[in-house]
Amino acid sequence: MKGRAVYIKTFGCQMNEHDSERILGILSSNGFTEVEEPKKADLIIFNTCAIREKAEHKFLSNLGRVKNLKKRKSNIKIVVAGCSAQLQGEKLLNKAPYIDYVLGPDNIHLIEKIVEQDLSNKIHIEENPLIAKIKFPILRKDPIKAWINIIYGCNNFCSYCVVPYTRGRERSRSSKDIIEEIKLLGENGYKEVTLLGQNVNSYKDDDIDFPRLLEAIDKINGIERIRFVTSHPKDLSINLIKAMRDCSKVCEHIHLPLQAGSNKILKLMNRKYSYEEYREKIELLREYIPKISITSDIIVGFPQETDEDFQKTMQALEEIQFDGIFAFKFSPRPLTAASRLSGTVSESVKSDRLSEVLRFQDSITESKNKKLEGQVEEVLVEEKDEEDFYIGRTRTNKIVKIKDRLNIGEIVKTQIIKGNRHTLEGKIFAS
Ligand code: SAH
Ligand code: SF4
Ligand code: F3S
């Protein structure tokens, strides 16, 4: 049957956003078009996230809103996919019996069977060792930048984190498939690729590890910029730093989650590095790649985090001078070791610590952005905003607004005229 409509709402990380592009890829080859409102759809998909309680709540309130639609139009199908689907499984169906299918991240390819109407079981959360071998059709939203999954799952079991339970064990895609996919993107006008994995440093396909994969991608015509997320600090090797330095297309930016500045907390988090080891890696990165920008993730209010521990996180921010951070209040998650720890930190202390961290980092980010005033940066123009500004990013991943007339997809030498807290303003640099 042709001409059906799908509404898809995605929660969570880039991995999930990309999974939605794959789901839409399958659906568009089956005659579906995307609509912006659930009430116009024949198929409603929630691609969910379970990383913090708040993410699950957001999804549940969205789910509640489509319950009545299903009553009015019983042939609508409701599919819950992603990490919360994997984690909650049957519980979701008990809570919301109007859900038609529950698909974990390893089973999103089954959407094809759902629309062909030959999938009898409602719940599909079994681990799929072959997911990394599937070649998905992909409906990419952006014509310039593309996400490429290189490794599925995670083996790290950081004690707070639910991902190893929602995305299973690590499985790398073949380098041949990855390179083929990126070559095609280069031929089709894409300028930037972001390689995705929970821990890209663990990538392995026979003798091709992550640094070697970067070297191979660096040679692909058309692609101008290579980025990747996320690196685990314990696995950041000197070989990777050298590959970042030597591959001209690999951008001068790394997202390297620190999580906490106290060694006691890092140990409780099962992060497998000390603050001192983390600092050494930062120094190496800055020695080999002087222009590099470094961003990070911070968790506040982890169980047993005292004021003194928290001050070590603040001190780390002061010492390291990140270009930006994402900070979160610890949220206990099902199945994780940290959810069973004693020494819970109260909600009000968590909130205070979160605002303290964010306020302090904002001042650092702002003063770093101010220092860029007058500098010339290469900007890839990505879009135009409502105020007719062109918006792009520097290689160091900073957002720049430019008033001059430009073309989307072009790379322009830009002089930074103003550094604000969250963005930069620039103009074309006439040399
Ligand atoms: N694989 C990536 C991304 C993990 S999720 C990595 O290892 O960095 C992104 C961020 O969410 C984590 O870095 C962490 O800071 C945060 N996070 C994960 N679980 C959390 C929890 N239970 N409570 C609060 N923040 C959490
Ligand atoms: Fe979670 Fe740690 Fe794996 Fe990242 S490395 S996904 S934080 S378990
Ligand atoms: Fe991503 Fe959320 Fe899953 S952050 S891996 S969608 S739990």
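What counts, and at which threshold
Residues numbered from 1 in each chain as written. Chains lettered and ligands numbered in written order. Predicted model: local features only at pLDDT ≥ 70, side-chain atom pairs only at ≥ 80, totals over all residues. Heavy atoms only, no water. Near = heavy atom within 4 Å. Polar contact = N/O pair within 3.5 Å; in protein donor to acceptor, adjacent residues only side chain to side chain. Areas by Shrake-Rupley, 256 points an atom, 1.4 Å probe, with all protein chains shown as cover. Helix = DSSP H or I, 4+ residues; strand = E, 2+ residues; numbered from the N terminus. Nonpolar A, V, L, I, M, F, W, Y, C, P; charged D, E, K, R; others polar. Pairing = 2+ DSSP bridges. Axes fitted to C-alpha atoms, helices over the stretch in contact; angles between N-to-C directions. Domains from an automatic or database assignment. Contact = heavy atoms within 4.5 Å. Buried area = accessible area lost by both parts, 1.4 Å probe. Salt bridge = Lys/Arg side-chain N within 4 Å of Asp/Glu carboxyl O.

A. The arrangement of the site of ligand 1 in detail. Of all residues adjacent to ligand 1, which total 14 residues, the nearest are Tyr160, Gln198, Gln259, Asp297 and Ser331. Contacts to ligand 1 include arginine 52, whose side-chain N or O atom sits 3.2 Å from an oxygen atom. With respect to ligand 1, the side chain of glutamine 198 contributes an N or O atom lying 2.8 Å from a nitrogen atom. Across the complex, the protein chains shield 89% of the 540 Å² of accessible surface that ligand 1 would expose by itself. Listed by contribution, the elements that provide at least two residues to the shell around ligand 1 are β15 (293-300) and β16 (324-329). Considered class by class, the residues forming the shell around ligand 1 number six nonpolar, four polar and four charged.

B. Molecular detail of the sheet that holds strand β17 (residues 376-384). The five strands are arranged β17-β18-β19-β21-β20 in a closed barrel whose pairing can be described as mixed. Ignoring strand direction, the axes of neighbouring strands in this sheet form an average angle of 50°. Pairing analysis gives four bridges linking strand β18 (residues 390-394) to strand β19 (residues 399-402), with the strands arranged antiparallel. By the bridge assignment for β19, isoleucine 391 is matched with lysine 401.

C. The arrangement of the domain arrangement of the protein in detail. Domain annotation of the protein identifies domain 1 (5-124), domain 2 (131-370) and domain 3 (376-428). Just the C-alpha atoms count here: the centres of domain 2 and domain 3 sit 24 Å apart. Between domain 2 and domain 3, the residue contacts involve 21 residues of the former and 20 residues of the latter. Of the roughly 1800 Å² buried between domain 2 and domain 3, counting both surfaces, carbon and sulfur atoms make up 43%. When residues of domain 2 are sorted by the area they lose upon contact with domain 3, Ile144, Arg225 and Asn369 head the list and together hold 33% of the total. Salt-bridge contacts for aspartate 323 lead to lysine 398; the nearest nitrogen and oxygen are separated by 2.8 Å. At the junction of domain 2 and domain 3, the tally comes to 15 residue pairs in polar contact (both at pLDDT 80 or more). Elements with a contribution of two residues or more to the side of domain 2 that touches domain 3: β13 (225-229) and α13 (347-371). Broken down by element, the side of domain 2 that touches domain 3 gets its largest block of residues, five residues, from α13. Each residue belonging to the side of domain 2 that touches domain 3 can be placed in one class, and the counts come to three nonpolar, five polar and 13 charged.

D. Layout of the sheet that holds strand β2 (residues 32-34). Pairing within the open sheet is parallel, and its six strands lie in the order β2-β1-β3-β4-β5-β6. Of all the strands in the sheet, the pair left with one neighbour each is β2 and β6 (123-124). As paired elements, strand β4 (residues 77-82) and strand β5 (residues 101-103) share three bridges and run parallel to each other. In the strand pairing of β5, valine 80 is matched with valine 102. Each of β1 (4-10), β3 (43-48) and β4 is contacted by helix α2 (residues 53-72), which is oriented at about 170° to β3, the strand it contacts most.

E. Local environment of the site of ligand 3. Close to ligand 3 lie Cys13, Asn16, Cys49, Ala50, Ile51, Cys83, Val163, Arg167 and Gln198, which account for all nearby residues. Here the residues of the shell around ligand 3 are counted per class, giving six nonpolar, two polar and one charged.

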